[in-house]
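# Survey of secondary and tertiary structure
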Amino acid sequence: MARRDFQESLDALRSDVTEMGHLVLARLDDALHALDAGDVDAAEAVIDGDAEINQLYLDLESACIDLFALQQPVASDLRFVAASFKILTDLERIGDLATNLAGYALAADSRYLPELDLTHIGARVHDLVADAIEAYADNDAAACREIDARDDEIDALCHAASERVVRDLIERRAASGDSNGNDDGNGDEAGDPWDVEAVLDDVSRVLLTVRDLERVADHGVNIAARTLYAVDSDSELIY
Amino acid sequence: MSEIEQTQTQTTEQATDQPLETTTGESDEEVREEWRQYDFRGSTKLAAGDLNVHYGDDHALKDVSMEIPEQSVTALIGPSGCGKSTFLRCLNRMNDRISSARIEGSVTLDGMEIYQDGVNLVELRKRVGMVFQSPNPFPKSIRENIAYGPEKHGDLETGLLARLLGRSDEAAREELVERCLRDAALWNEVHDRLDDNALGLSGGQQQRLCIARCLSVDPDVILMDEPASALDPIATAKIEDLIDDLSEEYTVVIVTHNMQQAARISDQTAVFLTGGELVEYGDTDQIFEDPESDRVEDYITGKFG
């Protein structure tokens, strides 16, 4: 009887965490869309929706603590509840990062910045997180290892994007021939003068966007790492 | 006898020829081979080799081999009738008293075979003491419960004849009583009533008195058969703390049905399953976090049956 209730609680935890994962994924999707298309409504919806994710996180965390206290799980049950407990934190953090991305979308102004394919990076990050959530839902150890390998490519793309922004600034500065850093009206944008403060904001924002995308992927890898631990008792991907 | 041996051989062959299908792909035999090569910390105190016990036609313990490291706590867990208590009782030859029991194989204590002719059972049981499920103090005073064994064995001479001959050692007795009661974490509760009847103590105190009594003959090993199953959580916690303290000096082997207790207090855990088989043996954290055997996983998570 008790074991049956426990099993039902474990099954419910898996489906609830997966459902939270899908919600977080939808928010990430909206944030990426907002970034891509400058959709103000979508961005605001993501920011407003964060409270819901935080509440879900607290509720499910509490469910895990109840299972620890009342059922004292061992072996694969223990690994599953412990992994879920950690994965909840990663999902909540992805939710936070999605609101950051939505905030950057609201402030978007890239007039002075080089072309970056953030849409491509965003799509890869989104797919990685989606696959990690599916791996958790399906107990898929092979998928977890594959997800970890994909993260290296995303890291490389993010690194290249950040480097491109900085390199572009340096090169344009050199081309302008102004070593004193004064605004001399020689900006590239059709004679549009540089507003140093505005450019600084834009550069910071785009670098933060790249960094947050990379972090979302890292949380996706964490989800895969904890899932692998739950399924195979393999801590290989946990660092 | 030969029939039984034949049955046993067939069973072993079956197990080898048709390994149980497990999701990890490891048969019980493969799991067993893995832990047999397990390198425990510390040196071996007790070792069982291919131990088989039959009660009449009942094959209660099947080819059990395991090494128990000294100064540690080894928990034996498993469902009722799995042979864990039988195994425990083999470690100080308590099964010798059961007429239908037939024991084959080997048990060594510090490398010396205990199942051989000429072994002094009294000496063996002094070195390998036992604490039972229900506290069983003698219906005597607390002091006499402790001193009885050493006096009986002549380690303490406090009798009338000794006193008359000037060899009485009351001071040594008092010292022994205090030391054993302190080691069993009971002294503070009973030091002012050592002459009271031990049966007046609470269940938890009686059990600690039995542990103190066991310590009085200076054992190396303490066997415990469900020592806390009849106690409330507070008395249980005291016994568990005591077991932890005792393991610094003694080798403790404990049978328990309470898996959380085994997880809390033991360094190694051995899992016996129905049929008298030792299915897995290893570090307690490994057994409870990541058991190799699917049968063990099913048992400890409660999916058994």
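Residues numbered from 1 in each chain as written. Chains lettered and ligands numbered in written order. Predicted model: local features only at pLDDT ≥ 70, side-chain atom pairs only at ≥ 80, totals over all residues.

Attention now moves to the overall build of chain A. Tallying secondary structure elements over chain A gives 6 helices and 0 strands in all. Overall, the C-alpha framework of chain A stretches about 80 × 35 × 25 Å when taken along its three principal axes. Long-range pairs, those at least 24 residues apart, make up 79% of the contacts in chain A with a sequence separation of at least 6. (Helix = DSSP H or I, 4+ residues; strand = E, 2+ residues; numbered from the N terminus. Contact = placed C-beta atoms within 7 Å.)

All right, on to the overall build of chain B then. Helix and strand counts for chain B stand at 13 helices and 10 strands. Every one of the 305 residues in chain B was classed for burial, and the buried ones make up 42%. Restricting to contacts in chain B with at least 6 residues of sequence separation, those with at least 24 account for 68%. (Buried ≥ 20, exposed ≤ 12 C-beta atoms within 10 Å, placed from the backbone.)

Attention now goes to the confidence of the model for chain B. Residues and elements named next belong to chain B. Residues of chain B with pLDDT of at least 70 account for 84%, and the chain-wide mean is 86. Here residues 1-23 is a poorly scored stretch, pLDDT under 50, and it has 17 contacts once near neighbours within four places are set aside; other chains count. Two numbers describe this predicted complex: its pTM, 0.78, and its ipTM, 0.71. (pLDDT = per-residue confidence, 0-100.)

With that settled, consider the environment of A:Gly95. All names here are of chain A. Relative to the elements of secondary structure, Gly 95 occurs in helix α3 (residues 75-106). Gly 95 sits in the buried class, given 27 other C-beta atoms within 10 Å. C-alpha of Gly 95 to C-alpha of Gly 49: the two residues are 46 residues apart in sequence and 9.0 Å apart in space. With residues near it in sequence (within four places) discarded, Gly 95 still touches Val 24, Arg 27, Asp 50 and Ile 53.

On to the interface of chain B and chain A. Interface size is often expressed as the accessible area that is lost when the parts come together. On the chain A side, the residues contacting the 10 residues of chain B number 9 residues. Elements supplying a minimum of two residues to the side of chain B that touches chain A: α12 (284-289) and α13 (294-300) of chain B. Taken together, the residues of the side of chain B that touches chain A break down into 3 nonpolar, 3 polar and 4 charged. (Nonpolar A, V, L, I, M, F, W, Y, C, P; charged D, E, K, R; others polar.)

We now examine helix α10 (residues 233-246) of chain B. Counted at 1.5 Å a residue, the expected span for α10(B) with its 14 residues is 20 Å, and the 20 Å between its end C-alpha atoms agrees. Contact partners of the buried residues in α10(B): β3 (73-77), α9 (203-215), β7 (221-225), β8 (251-255) and α11 (259-265) of chain B. (Expected span 1.5 Å × (residues − 1).)

Another aspect to go through is the domain arrangement of chain B. Residues and elements named next belong to chain B. Taken domain by domain, chain B holds domain 1 (2-137 + 201-300) and domain 2 (139-200). Among the elements of the structure, α9 and α10 are those that each provide at least two residues to the side of domain 1 that touches domain 2. For the side of domain 1 that touches domain 2, the element with the highest residue contribution is α9, accounting for 8 residues. Here the residues of the side of domain 1 that touches domain 2 sort into 8 nonpolar, 3 polar and 4 charged. (Domains from an automatic or database assignment.)

This part takes up the packing of helix α5 (residues 142-152) of chain B against α9(B). The relative placement of two packed helices is expressed as an angle between their axes plus a distance between the axes. Residues and elements named next belong to chain B. Put simply, α5 and α9 touch, their axes get as near as 7 Å, and they point 30° apart. If you check the angle between α5 and α9, you find them roughly parallel. Regarding α5 and α9, the two cross each other, and that crossing is right-handed. In this structure, α5 contributes Ile 142, Asn 145, Ile 146 and Gly 149 to the contact, and α9 contributes Leu 209, Ala 212 and Arg 213. A per-class count over the contact of α5 with α9 returns 4 nonpolar, 2 polar and 1 charged. (Axes fitted to C-alpha atoms, helices over the stretch in contact; angles between N-to-C directions. Parallel < 35°, antiparallel > 145°, perpendicular 65-115°, else oblique. Left-handed = near helix turned anticlockwise from the far one by under 90°.)

For the rest of this paragraph, the subject is the sheet that holds β7(B). Residues and elements named next belong to chain B. Across the sheet, 6 strands lie side by side as β6-β7-β8-β3-β9-β10; this open sheet has mixed pairing. The open sheet is flanked by β6 (128-131) and β10 (277-283), the only strands paired with a single partner. Taken pair by pair, the neighbouring strands of this sheet meet at an average axis angle of 15°, ignoring direction. Here 6 bridges tie strand β9 (residues 268-273) to β10, and the two strands are oriented antiparallel to one another. Within β10, the residue paired with Ala 270 across the bridge is Tyr 281. (Pairing = 2+ DSSP bridges.)

Right, let's get into unusual backbone geometry. Of note, A:Ala75 is a non-glycine position whose phi angle comes to about 50°, a positive value. Looking at where A:Ala75 falls in the secondary structure, it is placed in helix α3. We note that B:Gln71 has phi near 50°; this positive angle belongs to a residue other than glycine. Assignment of secondary structure puts B:Gln71 in the loop between β2 (58-69) and β3.

Attention now goes to the packing of α3(A) against helix α6 (residues 196-232) of chain A. Residue and element names in this part refer to chain A. At a closest axis distance of 9 Å, the pairing of α3 and α6 adopts a crossing angle of 165°. By the angle class used here, α3 and α6 are roughly antiparallel. Our pair here, α3 against α6, has a crossing hand that is left-handed. Tallied by class, the residues present in the contact of α3 with α6 amount to 12 nonpolar, 5 polar and 8 charged.

We now examine helix α7 (residues 170-183) of chain B. Residue and element names in this part refer to chain B. Its 14 residues place the ends of α7 20 Å apart at the C-alpha level, agreeing with the 20 Å of an ideal helix rising 1.5 Å per residue. Looking at the packing, one finds that the buried side of α7 touches α5, α8 (187-190) and α9. Phi for Ala 185, located one or two positions after α7, is positive at around 55°.

All names here are of chain B. Note that strand β1 (residues 44-55) and β2 share 8 bridges and pair antiparallel. Opposite Ala 48, over in β2, you have Met 66 as the bridge partner. Between the end of β1 and the start of β2, which pair antiparallel, lie 2 residues, with Gly 56 showing a positive phi angle near 60°.

With that settled, consider the sheet that holds β1(B). Within the open sheet, the 4 strands sit side by side as β2-β1-β4-β5 (chain B). Their pairing is antiparallel. Unpaired on one side and paired on the other, β2 and β5 (112-113) of chain B mark the two borders of the sheet.

What follows concerns the environment of A:Leu113. Within the secondary structure layout, A:Leu113 lies in the loop between α3 and α4 (118-138). Taking C-alpha positions, A:Leu113 is 9.5 Å from A:Val166, a pair spaced 53 residues apart along the chain.

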